[in-house]
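Coordinates in review
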Amino acid sequence: MFFKIDGFTKKPEIKEKYDLVIIGGGPAGLTAALYGVHGGASVLVLEKALEGGQMNTTDIIENYPGFKSISGEELSRLMKEHAAKFGSEFYSSEVIGLEFREDLILTKLDDANTIKSKVLIIASGSKPKKLNVKGENEFTSKGVSYCATCDGHFFKDKKVAVVGGGNSAVEEAIYLSNIAKEVHIIHRRDKLRADKLYQDRAFSRDNIKFKWNSVVEEIKGDLKVKSLVIKNTKTNEVYEEEFDGVFIFIGILPEISFLPKDLFETDEYGFLITDENMLTNIYRVYAAGDVRHKEIRQIVTAASDGAIAASNAIRQYLNL
Amino acid sequence: MEKLLDRETRIKVQEILENMEDNVQLVLIKGSDDYSEILEQLLNELKELNDLIEVKVFSADSFDYDLYELDRDLLPAMFILDSEGIDYGIRFYGVPGGHEFITLLQDILIISTKRIIDFSEENIEKIKSIDQEMKIRVFVTPTCPYCPKAVLAAHQTAIINTNIIGEMIEANEFKDLSDKYNVKSVPHTVIEVKENGVWKMKNQFIGAYPQNNYILEILKAVQ
Ligand SMILES: Cc1cc2nc3c(=O)[nH]c(=O)nc-3n(C[C@H](O)[C@H](O)[C@H](O)COP(=O)(O)OP(=O)(O)OC[C@H]3O[C@@H](n4cnc5c(N)ncnc54)[C@H](O)[C@@H]3O)c2cc1C
C-alpha cells in the first residue's frame, strides 16, 4: 500500500498576466517552464489533468538520459518539482480558447478565467489514434483501452491483444505480460518497428505471442469485449478469436481542440508546424513536444523542444 | 506497528494540514477485513499529525445507518463531518490509497476551511439547481493518476448541494460492484438518481472530465 501526495493542488492565486504562459505540463511544458524561469520570466503552466502528461501513464522509462530506469510518475514529479523550485507557477485548468491581441495573448480557461501573456508555448501533447473499426467506440473502456498502466489490472490472468508494432505497443505489451495470462501483439507488418531492446524483451516472454501481417477488422462483445475479428493480410484469411480486452497503440494525434481553426499552419493530421526555434506561424506563439510536426516523439525530444522554445522566447520577445 | 506513512510523507502531510482552520471528524465504519484495519490505521496516523482531526470508529452493527445515506454492503466506509457534525455527503468506500490519498487530504481541507477549490460561480449555481437526490459514484484504483480529479469533483458537487452524495469506490476492493457496473477503466463515474425511493442509474462516463463537460454530464442525469 502506498500513499502519494504529489498531485496536491491548493488552488493557487494566479496573476492576471505573465511573461510566458505554457499550455500543458508534460515534459515539453515543464522543461519550457524551467528554462523560462531560469531566464528571468514569470511563467504559468496550465495543466488540465496532471503534470507529467503521458509520462504519468508510462510504467517504466529507460531512455531518459541520467536515469537508467525510472517510473513515469517519479520522473513527472521530479520535472514538476524542478520547475517549481525555480519559481514556475502552476494552475490546474483546461485551456478552451485563445485570442490574439497586438502585443498580448489571451488564454481562456474552463473555469472562466482569462490569462494574459506576452508569449505562449503550446505544449499540449498528443492523444492516441483510434483504430476506426466497428465496435471500437462501443466497447471503449469496456475492454478497449489506450492505456495499459491505467486499465491493465482489470485483465489479471486474462487474454488480451495489443494492436501496433512501435515502441509504445511493445513496451505496453511487455507491461501487460506481467499481469495478463496471454498477450497477443497484432501487427500489420511482418516485423516490429520498436527499438531492438524492447523487441528482444518481447520475444523472450513466453506469454507474448505474435500475429504478423494482421489487422483487426471488428471488435465484438456484449457488455464487454468478447472477441476480435482478425484478418491476415497475406492470406486474406478472416477469423474470429476470443479476447477479454484489446489495447490499441497505433500512433497519435495532436491535442489541439482549443486552437482557433485555420489560423495555425499544420500538417495533414493537425500537428503544428514550427521553425527550428519552435516558433509557429503566429507571432509570439511557440509549439513544443508531441503537438509539433516532427519525426521522433519521445520525452527527451519533448524536453528539448521546450528548452529551445523558452530560450528563444526570452531572447526574441521578453528581453529580460 | 509499522507506520503506513513514511517520515517524508508525514512531514509533507503535516505541512498541508497546517492550512486547516476548523475541526473535522473522520467517521469510519469497519468490517472484519484487512482493508478496514489499514484504513483505521491511516486515519489514526492522520490524527497524530494535526489536533483538528478527530477520528470515530464504528463496527457495522454498532453504527446507526438510519442517520446517514450510506451503502451498507460496502466496508470499510468513511465519511467526513465538520466541527458541528454536519454531513456534506462525502463518502469513501475502501482505502483511499495511492493517488487517492490526495483526495482525502483535499476533502479534509475543504471541510475544515469551507472553501470549494474548483468550480466557477456559474457551475456552482448549476449544481445547486439539482433538486433530486443523487449519488455520484466514482470507481477508482490507487494507481490511477487521473482518478483524484474525478473523485474530488464528485465530492465537491456533494458539498455544494445537500441532495447529492459523492462517492469514491475502490474498484479492486469491491469487485462485485465493479462488475455490476462493468468497470473496466478508471475513473468510471456512475450517476444514480432516487426515483420513488429507489436508486436508478441515469448516466455514466469514463475519464476525468474538464469542468464544463462534467457539469453537463451531471445535469443530463436529471433531465
Ligand atoms: C504508452 C506510451 C509509452 C511511452 N513510453 C516512452 C518512453 O519509454 N520513453 C520516451 O521517451 N517516450 C515515451 N513515450 C512518448 C512520450 O510520453 C511523449 O513523447 C511525451 O510525453 C510528449 O511530451 P509532451 O510534453 O509533448 O506532451 P504530453 O506528455 O502529452 O503532455 C501534454 C500535457 O498537456 C495537457 N493538455 C492538453 N490539452 C490541454 C488543454 N487544453 N489545457 C490544459 N492542458 C492541456 C495534457 O493533459 C498533458 O498533461 C510513450 C508514450 C506512450 C503513449
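Residues numbered from 1 in each chain as written. Chains lettered and ligands numbered in written order. Predicted model: local features only at pLDDT ≥ 70, side-chain atom pairs only at ≥ 80, totals over all residues. Heavy atoms only, no water.

Some remarks on the site of the ligand
All names here are of chain A. For the record, the criterion: Consider each residue's heavy atoms; a residue with any of them within 4 Å of a molecule or strand counts as near. N or O atoms closer than or at 3.5 Å make up a polar contact, with two conditions inside protein: a donor-capable atom paired with an acceptor-capable one, and, for residues adjacent in sequence, both atoms drawn from side chains. Residue burial considers only the protein chains on display, and all accessible areas are found by Shrake-Rupley using a 1.4 Å probe. Elements are defined by DSSP. Helices are runs of H or I of four residues or more, strands are runs of E of two residues or more, and each kind is numbered from the N terminus. Per the annotation, domain bounds derive from an automatic or database assignment of domains.
Taken together, 33 residues sit near the ligand, with Glu47, Gln54, Asn63, Asp290 and Ile299 positioned nearest. Take Glu171: an N or O atom from its side chain is 3.1 Å from an oxygen atom of the ligand. At 3.4 Å from an oxygen atom of the ligand is found a main-chain nitrogen or oxygen belonging to Arg297. Taken by itself the ligand offers 1000 Å² of open surface, and the protein chains cover 93% of this. The set of elements that each furnish at least two residues to the shell around the ligand consists of helix 1 (27-38), strand 2 (43-47), helix 4 (167-177) and helix 6 (299-318). It is helix 4 that contributes the most residues to the shell around the ligand, three residues altogether. Each of domain 1 (3-127 + 252-318) and domain 2 (130-248) gives at least three residues to the shell around the ligand.

Topic: the sheet that holds strand 3 (residues 77-82) of chain B
Residue and element names in this part refer to chain B. Note the threshold: By definition, two strands form a pair when at least two bridges between them are found by DSSP. To obtain an axis, a line is fitted to C-alpha atoms, over the contacting stretch when the element is a helix, and the angle between two such axes runs from 0 to 180 degrees between their N-to-C directions. What makes two residues a contact is simply this: any of their non-hydrogen atoms within 4.5 Å.
Taken together, the eight strands give an open sheet; going across it, the order is 2-1-3-4-6-5-7-8, and neighbouring strands pair in mixed fashion. Both outer strands of the open sheet, strand 2 (53-59) and strand 8 (198-206), are each paired with one neighbouring strand and no more. In this sheet, adjacent strand axes meet at a mean angle of 20° when their direction is disregarded. Direction of pairing for strand 4 (residues 87-93) relative to strand 6 (residues 164-170): parallel, over a ladder of four bridges. Across the sheet, the residue bridging to Phe92 is Met168, located in strand 6. On the sheet, helix 3 (residues 101-113) packs against strand 1 (24-30), strand 2, strand 3 and strand 4 and is oriented at approximately 25° with respect to strand 3.

Concerning the domain arrangement of chain A
Residues and elements named next belong to chain A. Cut-off, in case you're wondering: Buried area: the accessible surface (1.4 Å probe) lost by two parts on joining, summed over both. The salt bridge definition used is simple: a Lys or Arg side-chain nitrogen within 4 Å of an Asp or Glu carboxyl oxygen. Three classes are used, and their members are as follows: Ala, Val, Leu, Ile, Met, Phe, Trp, Tyr, Cys and Pro are nonpolar, Asp, Glu, Lys and Arg are charged, and the others, Gly among them, are polar.
If you check the domain split of chain A, you get domain 1 (3-127 + 252-318) and domain 2 (130-248). With centres defined by C-alpha atoms, the gap from domain 1 to domain 2 works out at 31 Å. Taken together, the contact between domain 1 and domain 2 spans seven residues of the former and ten residues of the latter. For the pairing of domain 1 and domain 2, the buried interface totals around 570 Å² over both sides, and the portion due to carbon and sulfur atoms is 40%. At the junction of domain 1 and domain 2, the tally comes to one salt bridge. The residue Arg201 makes a salt bridge to Glu62 at a minimum N-O spacing of 2.8 Å. There are two residue pairs in polar contact (both at pLDDT 80 or more) connecting domain 1 and domain 2. A per-class count over the side of domain 1 that touches domain 2 returns one nonpolar, four polar and two charged.

Regarding helix 7 (residues 211-220) of chain B
Since the α-helix packs 3.6 residues into each turn, any two residues three or four apart lie on the same face. Using the following cut-off: Remark: exposure states derive from per-residue accessible area (1.4 Å probe, protein chains only) relative to the maximum for the residue type, with buried under 20%, exposed over 50%, and partly exposed in between.
Every buried residue of helix 7 of chain B is listed here: B:Gln211, B:Tyr214, B:Ile215, B:Glu217, B:Ile218 and B:Leu219. In the core, the buried residues of helix 7 of chain B are packed alongside helix 4 (121-128), strand 5 (134-140), helix 5 (147-160), strand 7 (188-195) and strand 8 of chain B.

Quick word on the pattern of salt bridges
Residues and elements named next belong to chain A. Using the criterion set out here, one finds 35 salt bridges over all chains in the structure. The shortest N-O distance in the salt bridge between Lys211 and Glu241 comes to 2.9 Å. Of the two residues, Lys211 is situated in strand 13 (residues 208-211) and Glu241 in strand 16 (residues 238-242); the sequence distance between them amounts to 30 residues. In this structure Glu241 comes out as buried when scored by relative accessible area, which is 17%. What you see here is one network of salt bridges that share partners, running through Glu74, Arg77 and Glu81.

Re a positive patch on the surface
Formally: A patch consists of residues whose relative accessible area exceeds 30% and which take part in no salt bridge; residues with like charges are grouped when within 9 Å of each other, and nonpolar side chains (Val, Leu, Ile, Met, Phe, Trp, Tyr) when within 5 Å. Under the convention used here, Asp and Glu are negative, Lys and Arg are positive, and both His and the chain ends fall outside the count. Where a charge sits is defined by one atom per residue type, namely NZ (Lys), CZ (Arg), CG (Asp) or CD (Glu).
Together, A:Arg188, A:Arg189, A:Lys191 and A:Arg193 line one region of the surface with positive charge. Along the chain, A:Arg188 turns up in the loop between strand 12 (182-186) and helix 5 (196-204).

Here we look at the state of the cysteines
In protein structure, a disulfide is the covalent linkage between the sulfur atoms of two cysteines. Spelled out, the test is: Throughout, a disulfide means two cysteine sulfur atoms within 2.5 Å of one another.
Applying the stated criterion across every chain, the model contains two disulfides over all chains. The disulfide partner of A:Cys147 is A:Cys150, and the S-S distance across this bridge is 2.1 Å. In this structure the cystine formed by A:Cys147 and A:Cys150 twists about its S-S bond by roughly 70°; its chirality is therefore right-handed. A:Cys150 carries the same exposure label as A:Cys147, and that label is buried. A sulfur-sulfur separation of 2.1 Å characterises the disulfide bridge that pairs B:Cys144 with B:Cys147. In this structure the cystine formed by B:Cys144 and B:Cys147 twists about its S-S bond by roughly 95°; its chirality is therefore right-handed.

Section: the interface of chain A and chain B
Contacts between chain A and chain B engage 33 residues on the former and 40 residues on the latter. At the boundary of chain A with chain B, total buried surface from both sides reaches about 3300 Å², with 63% on carbon and sulfur atoms. Summed over the shared surface of chain A and chain B, the result is six residue pairs in polar contact (both at pLDDT 80 or more). The greatest single-element share of the side of chain A that touches chain B, amounting to three residues, is contributed by helix 2 (residues 72-85) of chain A. Taken together, the residues of the side of chain A that touches chain B break down into eleven nonpolar, eight polar and 14 charged.

Quick word on the pairing of strand 16 of chain A
Pairing of strand 15 (residues 225-232) of chain A with strand 16 of chain A, which is carried by five bridges, proceeds in the antiparallel orientation. Each residue of the ladder has a partner; that of A:Ser227, found in strand 16 of chain A, is A:Glu242.

What about the packing of helix 3 of chain B against helix 5 of chain B?
Residues and elements named next belong to chain B. Just so we agree on the cut-off: For this classification, under 35 degrees means roughly parallel, over 145 means roughly antiparallel, 65 to 115 means roughly perpendicular, and everything else is oblique. Handedness of each helix crossing follows the sense of rotation of the near helix against the far helix: counterclockwise by less than a right angle gives left-handed, clockwise gives right-handed.
Contact geometry for helix 3 and helix 5: axes closest at 10 Å, N-to-C directions at 25°. Looking at the two axes, helix 3 sits roughly parallel to helix 5. In this structure, helix 3 meets helix 5 at a crossing whose hand is right-handed. The residues of helix 5 that touch helix 3, namely those facing Thr103, Gln106, Asp107, Ile110 and Ile111, are Pro148, Val151, Leu152, His155, Gln156 and Ile159. Tallied by class, the residues present in the contact of helix 3 with helix 5 amount to six nonpolar, four polar and one charged.

Considerations on the packing of aromatic side chains
What counts is decided by this rule: Working definition: rings of Phe, Tyr and Trp (its six-membered ring) pair if their centres are within 6.5 Å, and the pair is stacked with planes under 30 degrees apart, edge-to-face with planes over 60 apart, and tilted otherwise. A ring is scored as having a charge over it whenever the NZ atom of a lysine or the CZ atom of an arginine sits within 6 Å of its centre and within 35 degrees of its normal.
Per the stated rule, a full pass over the model turns up 17 aromatic pairs over all chains. Pairing B:Phe63 with B:Tyr68 gives two aromatic rings, centres 5.8 Å apart and planes at 25°, and the pair type is stacked. Ring-pair connections join several aromatic residues into one group, and the members of that group are B:Phe58, B:Phe63, B:Tyr65, B:Tyr68 and B:Phe79. Taking NZ or CZ as reference, A:Lys159 lies 4.6 Å from the ring centre of A:Phe243, over its face. The side chain of B:Arg91 reaches across the aromatic face of B:Phe79, ending 5.0 Å from its centre.

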